[in-house]
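Take a look at the letters that make up each chain.
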Amino acid sequence: MTEELSALMEARRNKLTQLREQGVNPFANGYPVSHTSGDVERVYGDKSAEEMEGVEESFTIAGRILAIRSFGKAAFVVLQDRAGKLQVFVQKKQIGAESFELFKQFDVGDIVRATGAPFRTRTGELTLNASEIVLLTKNLRPLPEKWHGLTDTETRYRQRYADLIVNPKAVEIFRMRSRIIRHIRDFLDGRDFMEVETPMLHGIAGGATAKPFTTHHNALDMDLFLRIAPELYLKRLLVGGLERVYEINRNFRNEGISVRHNPEFTMLEFYWAYATYEDLMDLTETLMSGLAMELHGSHRVPYQGREIDFSPPWERLSPMEAVLKFTDIPKENLLGREALLNTAHKLKIENTDKMGDGKLLMEIFEETCEDKLFDPTFIVDFPLEISPLARKKESDPTLTDRFELYITGKEIANAFSELNDPIDQHERFTEQVRKKTEEGDAEAHDMDEDYIRALEYGMPPAAGEGIGIDRLTMVMTDSASIREVILFPQLRKEQ
């Protein structure tokens, strides 16, 4: 803490003591608020000064003081509430001498309630003429502007409460995030999907290839995992006859932290009986192009100095087609194991010896193509060996009916026609267990016998999709880092 900040905080604590000695509760309660700054703006925002002469309608708002301009016996105060900002005019002759003396002890950062009628100042600013102003919460730590703002990015994320007070852009991002989730819910509800909740604690870490967080339940004396995906529980609901289900909730993966990754993140997962992955591509185009129109009034969305074009239809490419389109690697360098290994080695891809041909191709695709997929692009027909829950492609059983959606070089969604053959699923789980035990693959699936039992009852043909809400919000809010769109991202311990 700087000496300047320490002195300011000491001065505010002294004011706190003085207020208490004068019988004022600096942390008051029981002062109802009837309006917001937005209510005043909606009623009088387009009225001229002449039209507002003699207005007696009174409004009561509350918020944080962002600025005070004092003129001896009067002052202008800028209040900020959830709807925005509004100027308040405080006069000694209007609120009384005793109240004005108390007001002179108010600071920027205090939370107050003000009541009064609106008018326009000589400069034309809509203002509330205070008949009363009451201190509700005394600020003891000056707002960031007083010590040159939250210039350090990590401090912004760690002290999100302060960031939201002084950074309107941060507030707008999280308002947009809320609108995105509401749009998705309305979209799926309107298509007869049912929102459900499934367990966060799993006895078996399944539904995705990822390393889980492990915890322990004392009463049952058993290890449990924070879920890496809700997939296997949601598909159990398809078995039970809930033909269209979705969940918007947290997943947890014990992996690295970056501008695209946070250990806990929000996912939409939905499952649609009697549909295919091709149906999901059409649905996803409709959902996201509609979302772009809802948020931006256009299919063209600004992102980091460029524009994303959400106009459907979107390009659909296989991994090999993408490599051939975006690189100068010849096709013969992607055909056959020896050619794939040579290409991977030239790209400095490591640990290739244990990879199958499909995995090698995907590593080459990720290394060379992901960052080039700026406009929405479906990458389709994933190799079987990296898709343990997806249905085999009938025209080529080495591939699956699966796609991933990329926007701005980021994977936004993953989807496939679901595997509902319990015998095939058991064989794939067995191979995953072998990879875990013999090859040390920490992200491979465990055997889930109960899920196999559920499939034996019969799961209808279906397709399912997961969409990363955080990454989608990044795209829709022009945010370069996932930390900008998560209120409290995971950070290292504060030094």
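Residues numbered from 1 in each chain as written. Predicted model: local features only at pLDDT ≥ 70, side-chain atom pairs only at ≥ 80, totals over all residues. Heavy atoms only, no water.

### A closer look at the overall build of the protein chain
Logical step 1: Scanning the protein chain for helices and strands turns up 15 helices and 20 strands.
Logical step 2: The dimensions of the protein chain, computed from C-alpha atoms along their principal axes, are 85 × 55 × 50 Å.
Logical step 3: Per-residue burial over the protein chain gives 49% buried out of 495 residues.
Logical step 4: The long-range share in the protein chain, meaning contacts at least 24 apart out of those at least 6 apart in sequence, stands at 66%.
Logical step 5: About 24,600 Å² of surface is accessible on the protein chain, with carbon and sulfur atoms providing 48% of the total. (Helix = DSSP H or I, 4+ residues; strand = E, 2+ residues; numbered from the N terminus. Buried < 20%, exposed > 50% of the residue type's maximum accessible area, 1.4 Å probe, protein only. Contact = heavy atoms within 4.5 Å. Areas by Shrake-Rupley, 256 points an atom, 1.4 Å probe, with all protein chains shown as cover.)

### Observations concerning the sheet that holds strand E18 (residues 402-407)
Through backbone hydrogen bonds, the strands of a sheet pair up, either in parallel or in antiparallel fashion.
Logical step 1: Here eight strands make up an open sheet; going across it, the order is E6-E10-E11-E20-E19-E18-E15-E14 and the pairing mixed. Either end of the sheet is taken by a strand with one partner, and the two such strands are strand E6 (194-195) and strand E14 (315-317). (Pairing = 2+ DSSP bridges.)

### Examining the packing of aromatic side chains
Logical step 1: One pass over the full model with this rule turns up 14 aromatic pairs.
Logical step 2: On the numbers, 6.5 Å between centres and 55 degrees between planes, the contact of tyrosine 303 with phenylalanine 374 is tilted. One end of the pair, tyrosine 303, is in strand E12 (residues 300-303); the other, phenylalanine 374, is in the loop between helix H12 (357-368) and strand E15 (377-380), with 71 residues separating them in the sequence. Accessibility classification places tyrosine 303 together with phenylalanine 374 in one group, the buried group.
Logical step 3: Within the aromatic cluster, the residues linked to one another by ring pairs are Phe71, Phe76, Phe89 and Phe119.
Logical step 4: Against the face of tyrosine 233 rests arginine 236, its NZ or CZ located 4.8 Å from the ring centre. (Phe/Tyr/Trp six-rings, centres within 6.5 Å; stacked < 30°, edge-to-face > 60°. Lys NZ or Arg CZ within 6 Å of the ring centre and 35° of its normal.)

### With respect to the pairing of E12
Logical step 1: Side chains of E12 alternate between two faces, with Val301 and Tyr303 buried and Arg300 and Pro302 left unburied.
Logical step 2: Sheet topology places E12 next to strand E13 (residues 306-309); four bridges connect them, and they run antiparallel. Each bridged residue has a counterpart across the sheet, and for arginine 300 the counterpart in E13 is aspartate 309.
Logical step 3: In this antiparallel pair of consecutive strands, E12 and E13, the connection spans two residues, and glutamine 304 shows a positive phi of 50 degrees.

### Some points on the sheet that holds strand E3 (residues 84-91)
Logical step 1: One closed barrel accounts for five strands, arranged E1-E2-E3-E5-E4; its pairing is mixed. Across the sheet, the axes of successive neighbouring strands diverge by a mean angle of 55 degrees, strand direction being ignored.
Logical step 2: Pairing of E3 with strand E5 (residues 126-137) involves three bridges; the strand directions are parallel. Across the sheet, the residue bridging to valine 88 is leucine 128, located in E5. (Axes fitted to C-alpha atoms, helices over the stretch in contact; angles between N-to-C directions.)

### Some remarks on H12
Logical step 1: With 12 residues, H12 extends 17 Å from end C-alpha to end C-alpha; this agrees with the ideal 16 Å at 1.5 Å per step.
Logical step 2: If you check which residues of H12 are buried, you get Gly358, Leu360, Leu361, Met362, Glu363, Ile364, Phe365 and Thr368.
Logical step 3: Those residues of H12 that are buried lie in contact with helix H10 (319-326), helix H11 (337-346), E15 and E18. (Expected span 1.5 Å × (residues − 1).)

### Some details on the environment of phenylalanine 76
Logical step 1: By the element assignment, phenylalanine 76 lies in strand E2 (residues 74-81).
Logical step 2: The exposure class assigned to phenylalanine 76 is buried, which follows from its relative accessible area of 16%.
Logical step 3: Each C-alpha atom, one on phenylalanine 76 and one on glutamate 418, is 63 Å from the other, the two residues being 342 residues apart in sequence.
Logical step 4: Other than its neighbours up to four places away in sequence, phenylalanine 76 contacts Ala67, Ile68, Arg69, Phe71, Gln87, Val88, Phe89, Thr121 and Thr127.

### Examining unusual backbone geometry
Logical step 1: Going from proline 312 to proline 313, the amide bond is cis rather than trans, its omega being 0 degrees.
Logical step 2: You can see proline 313 is positioned in the loop between E13 and E14.
Logical step 3: Its identity is not glycine, yet aspartate 221 carries a phi of approximately 50 degrees, on the positive side.
Logical step 4: Locating aspartate 221 in the fold gives a position in the loop between strand E8 (214-217) and strand E9 (222-226).
Logical step 5: Its identity is not glycine, yet aspartate 478 carries a phi of approximately 60 degrees, on the positive side.
Logical step 6: When you line up the elements, aspartate 478 lands in the segment after helix H15 (469-476).

### Some thoughts on H10
Logical step 1: Considered for burial, the residues of H10 that qualify are Pro319, Met320, Ala322 and Val323. Buried residues of H10, seen end-on, are gathered within an arc of 160 degrees and therefore sit on one face of the element.
Logical step 2: Among the structural elements, E14, H12 and E15 are those in contact with the buried residues of H10. (Arc of directions from axis to C-beta.)

### Points about the environment of isoleucine 65
Logical step 1: Position of isoleucine 65 relative to the elements: it lies in strand E1 (residues 59-70).
Logical step 2: Considered as a pair, isoleucine 65 and arginine 113 are 48 residues apart in the sequence and their alpha carbons are 10.0 Å apart.

### Concerning the packing of helix H7 (residues 168-189) against H15
Each pair of packed helices gets described by two things: the angle between the helix axes and the distance between those axes.
Logical step 1: Here H7 crosses H15 at 120 degrees, and the two axes come no closer than 10 Å. Regarding the angle of H7 to H15, the classification is oblique. Relative to H15, the crossing made by H7 is right-handed. Side by side, H7 and H15 meet where Met176, Arg177, Ile180, Ile181 and Ile184 of the first sit next to Ile469, Asp470, Leu472, Thr473 and Met476 of the second.
Logical step 2: A breakdown of the residues in the contact of H7 with H15 according to their chemical character gives seven nonpolar, one polar and two charged. (Parallel < 35°, antiparallel > 145°, perpendicular 65-115°, else oblique. Left-handed = near helix turned anticlockwise from the far one by under 90°. Nonpolar A, V, L, I, M, F, W, Y, C, P; charged D, E, K, R; others polar.)

### Quick word on the nonpolar core
Logical step 1: Ile184, Leu268, Met288, Phe310, Ile467, Leu472 and Met476 are the most contacted members of the largest nonpolar core, which totals 47 residues.
Logical step 2: With nine residues, the top contributor of residues to this core is helix H9 (residues 277-296).
Logical step 3: Setting aside chain neighbours within four positions, we find methionine 288 in contact with Phe310, Trp314, Leu405, Ile407, Ile412, Ile467, Leu472 and Met476.
Logical step 4: Counting 28 residues, the second-largest nonpolar core is a separate cluster that includes Leu79, Ile95, Ala130 and Leu135. (Core = buried A, V, L, I, M, F, W, Y, C linked by side-chain atoms within 4.5 Å.)

Nothing here speaks to function; it is all geometry.
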